[in-house]
Amino acid sequence: GKPRAWVGSLDHQLNAGGEGGDDSIPVDVPVWDQPGADELSAASEDRARVRALLPKLAPRDREVLCRFAGLKGFDPQPVNRIAKDMGVSRQRIGQILERATRELRLHMEG
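Residues numbered from 1 in each chain as written. Predicted model: local features only at pLDDT ≥ 70, side-chain atom pairs only at ≥ 80, totals over all residues. Heavy atoms only, no water.

Topic: the side chain of Asp61
Right, so step 1: Looking at where Asp61 falls in the secondary structure, it is placed in helix α2 (residues 59–69).
Right, so step 2: Of the residues examined, Asp61 reaches a relative accessible area of 4% and is grouped as buried.
Right, so step 3: Looking at Asp61, its side chain comes within polar contact range of the side chain of Arg99, at 2.6 Å.
Right, so step 4: Here Asp61 is in contact with Ile96, Arg99 and Ala100, once residues within four sequence places are set aside. (Helix = DSSP H or I, 4+ residues; strand = E, 2+ residues; numbered from the N terminus. Buried < 20%, exposed > 50% of the residue type's maximum accessible area, 1.4 Å probe, protein only. Polar contact = N/O pair within 3.5 Å; in protein donor to acceptor, adjacent residues only side chain to side chain. Contact = heavy atoms within 4.5 Å.)

Examining the packing of helix α3 (residues 79–86) against helix α4 (residues 90–109)
Right, so step 1: At a minimum axis separation of 8 Å, α3 and α4 run at an interaxial angle of 105 degrees. As judged from the angle between their axes, α3 and α4 are roughly perpendicular. Along its contact with α3, which presents Val79, Asn80, Ile82, Ala83 and Met86, the element α4 presents Arg90, Ile93 and Leu97.
Right, so step 2: Of the residues in the contact of α3 with α4, the class split is six nonpolar, one polar and one charged. (Axes fitted to C-alpha atoms, helices over the stretch in contact; angles between N-to-C directions. Parallel < 35°, antiparallel > 145°, perpendicular 65-115°, else oblique. Nonpolar A, V, L, I, M, F, W, Y, C, P; charged D, E, K, R; others polar.)

Remember that the coordinates give geometry; whether it matters functionally is a separate question.
Listed below in C-alpha cells is the structure:
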C-alpha cells in the first residue's frame, strides 16, 4: 500500500513516560501501511536525503534525532532514555526533536 500520511503537525502524542505515564511529547511520526517497491525506493531516497542534510543541523539536534530515529549507527531509542543519557527532561528532548525535524523539512523543501 501507499503511505497513509504524516501525522498532522505534531498532533500525534508519543508516550515518553513509559508504562502508563501521562507525560507525552508531541512528535511527527510517519504512519505507514506495508509499502510496495515504489514506496520502499522513495523511502530509501528520503533517508539518503536526510542523511545528507544531517550535517546542517546543530550537533545536539543531530545527535538527538539520530538516536531517536536510529540513524548514523544508533539503534532507535525512546525519548526517556535519550533524556536520561543527556541529563535533560523528556520535554526538552521533544522540543529538540521538533526543531530538528522542522529544520530538516526546511532544507528538504528548499
